[in-house]
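Here are the chains, one letter per residue:
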Amino acid sequence: MITFGITNSSKYDTNSHKYMEVLLESIWQENIPDVEIIACGDYKNSRIKCIEFEGTISKKLNTLVDNSTKENIILIRDYMELKQGFLDGFKKFGFDWDLSMCVVLNKDNRRYRDWAVWRGDDLFPNDSWIQREKWTNGGKVVPGRVYIPSYDYTDTDRMYISGGLFMGKTKFFKENKFNNDLDIGDAEDVEWFDRCVRDKGINYKMNQYSIIKLQKQKDTIIPYTDKKYGTFEYCTEKFREFHGTELAESLGNW
């Protein structure tokens, strides 16, 4: 059914192995049938497949994809965790997609970089900026502004997927590999989306019935087009409609 491919490094964050324990427990508590868990980094646990590896984040992601044996794969960082109802939310949402995303909350229960627009010339047609990375050949013009829209936004060719969480069909990732030369800080996620997803008609959908949360606070960086789109109440609206009042009311204590 699902492979969880987890990238970790205690050299990058000394709390990595503590985060891993929380993440693994959150996966096991969902009782997901036919689940496969693979960790790539320096974490060891006899209950899952652990691949000891040092290299770029892109090489880690490709290694996880190459070792996956399930139809669906979730590539996730060690500092995240699933929240209760994750599997039921995906059953409600369905699996008719090439790529998907779910609600991602920061540690403070505000929205993190889940459903995000990169080529924002639809709202900001008179703006543009130059992205300078090792792969942009001196600079690439990006039309518009980067922003976080409502979950109803559908122009997925203008979007991108932030590198902490990728969800999709394993076959898609095996056919569309990450650039092994790019590491964290090289905008490896943007390069992959530009090369493999943008303007290709890929079926990318937003699941509001499942939630992943960060175990540590991280900068959102990308602005919301409306402040309400970043609120806990907005992010959990569909979740509470489906999962019910009792579970929804417990969300603020997570």
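Heads up: the structure comes first, above all this text.
Residues numbered from 1 in each chain as written. Predicted model: local features only at pLDDT ≥ 70, side-chain atom pairs only at ≥ 80, totals over all residues. Heavy atoms only, no water.

## A closer look at the overall build of the protein
Looking only at helices and strands, one finds eight helices and twelve strands in the protein. Computed over its C-alpha atoms, the radius of gyration of the protein comes to 18 Å, within 12% of the 18 Å expected for a compact globule of 254 residues. Projected onto its principal axes, the C-alpha positions of the protein cover 50 × 45 × 35 Å. Within the protein, the proportion of its 254 residues that are buried is 57%. The long-range fraction of contacts in the protein, counting pairs at least 24 apart against all pairs at least 6 apart in sequence, stands at 76%. For the protein, the accessible area works out to roughly 11500 Å², and carbon and sulfur atoms hold 44% of it. Taken together, the 37 basic and 41 acidic charged side chains of the protein have centroids lying 2 Å from each other. (Helix = DSSP H or I, 4+ residues; strand = E, 2+ residues; numbered from the N terminus. Rg over C-alpha atoms; globule rule 2.2 N^0.38 Å. Buried < 20%, exposed > 50% of the residue type's maximum accessible area, 1.4 Å probe, protein only. Contact = heavy atoms within 4.5 Å. Areas by Shrake-Rupley, 256 points an atom, 1.4 Å probe, with all protein chains shown as cover. Lys, Arg positive; Asp, Glu negative; His and termini not counted. Charge placed at Lys NZ, Arg CZ, Asp CG, Glu CD.)

## What to know about the side chain of Glu-81
Mapped onto the secondary structure, Glu-81 falls in strand E5 (residues 80–82). Its relative accessible area of 15% is what places Glu-81 among the buried residues. Within the structure, Glu-81 has its side chain in polar contact with the side chain of Lys-83 (distance 3.3 Å). (Polar contact = N/O pair within 3.5 Å; in protein donor to acceptor, adjacent residues only side chain to side chain.)

## What about the environment of Ser-26?
Examined against the element boundaries, Ser-26 turns out to sit in helix H1 (residues 16–28). Ser-26 sits in the buried class, given a relative accessible area of 6%. Spatially, the C-alpha atom of Ser-26 lies 7.7 Å from that of Gln-84, the residues being 58 residues apart in sequence. Excluding residues within four positions of it along the chain, Ser-26 makes contact with Glu-81 and Leu-82.

## Examining the side chain of Arg-113
With respect to the helices and strands, the residue Arg-113 is situated in the loop between strand E6 (99–105) and strand E7 (116–117). Within polar-contact distance, the side chain of Arg-113 engages the side chain of Tyr-112 at 3.0 Å. At 3.4 Å, the side chain of Arg-113 forms a polar contact with the backbone oxygen of Thr-220. When sequence neighbours within four positions are dropped, the list of residues in contact with Arg-113 reads Ile-148, Tyr-160, Ser-162, Asp-219, Thr-220, Ile-221 and Ile-222.

## Focus on the pattern of salt bridges
A complete count under the given rule lists 19 salt bridges for this structure. Between Lys-140 and Asp-194 there is a salt bridge, with the nearest N and O atoms lying 2.9 Å from each other. Here Lys-140, found in strand E9 (residues 140–143), pairs with Asp-194, found in helix H5 (residues 188–196); they are 54 residues apart in sequence, far enough to count as distant. Taking the relative accessible area as the measure of exposure, Lys-140 reaches 33% and is therefore partly exposed. Taking relative accessible area as the criterion, Asp-194 reaches 18% and is therefore assigned buried. The closest approach of N and O atoms between Glu-191 and Arg-195, which form a salt bridge, is 2.8 Å. (Salt bridge = Lys/Arg side-chain N within 4 Å of Asp/Glu carboxyl O.)

## Some words on the nonpolar core
By size, the foremost hydrophobic cluster in this structure holds 78 residues, and its most contacted members are Leu-165 and Trp-192. Sorting elements by how many residues they give to this core places E6 first, with six residues. If we ignore the near neighbours within four places in the chain, the residues touching Trp-192 are Leu-99, Ile-161, Phe-166, Phe-172, Phe-173, Asn-176, Lys-177, Phe-178 and Val-197. (Core = buried A, V, L, I, M, F, W, Y, C linked by side-chain atoms within 4.5 Å.)

## A few points about the sheet that holds strand E12 (residues 204–214)
Spatially, the eight strands line up as an open sheet ordered E3-E2-E1-E4-E11-E6-E12-E5, and their pairing is mixed. Edge strands, defined here as strands with exactly one partner in the open sheet, are strand E3 (49–52) and E5. Neighbour to neighbour, the strand axes of the sheet diverge by 30° on average, direction disregarded. The strands touched by H1 within the sheet are strand E1 (2–7), strand E2 (35–41), strand E4 (72–77) and E5, with E5 carrying the most contacts at an inclination of about 15°. Where helix H3 (residues 86–93) meets the sheet, it contacts E1, E4, E5, E6, strand E11 (165–169) and E12, and its direction lies at approximately 175° from that of E12. (Pairing = 2+ DSSP bridges. Axes fitted to C-alpha atoms, helices over the stretch in contact; angles between N-to-C directions.)

## A few points about the packing of aromatic side chains
Inspection of the entire model under this criterion finds 23 aromatic pairs. Ring geometry for Phe-90 versus Trp-97: centroids 6.2 Å apart, planes at 65°, classification edge-to-face. You can call Phe-90 buried: its relative accessible area is 3%. Centroid distance Tyr-147 to Tyr-153: 6.3 Å. Interplanar angle 90°. Geometry classified as edge-to-face. (Phe/Tyr/Trp six-rings, centres within 6.5 Å; stacked < 30°, edge-to-face > 60°.)

## Notes on unusual backbone geometry
Positive phi, close to 55°, is recorded for Asp-34, a residue that is not glycine. By relative accessible area, Asp-34 is classed as partly exposed at 48%. Non-glycine residue Ala-187 carries a positive phi angle of around 55°. Here Ala-187 lies in the loop between helix H4 (170–175) and H5.

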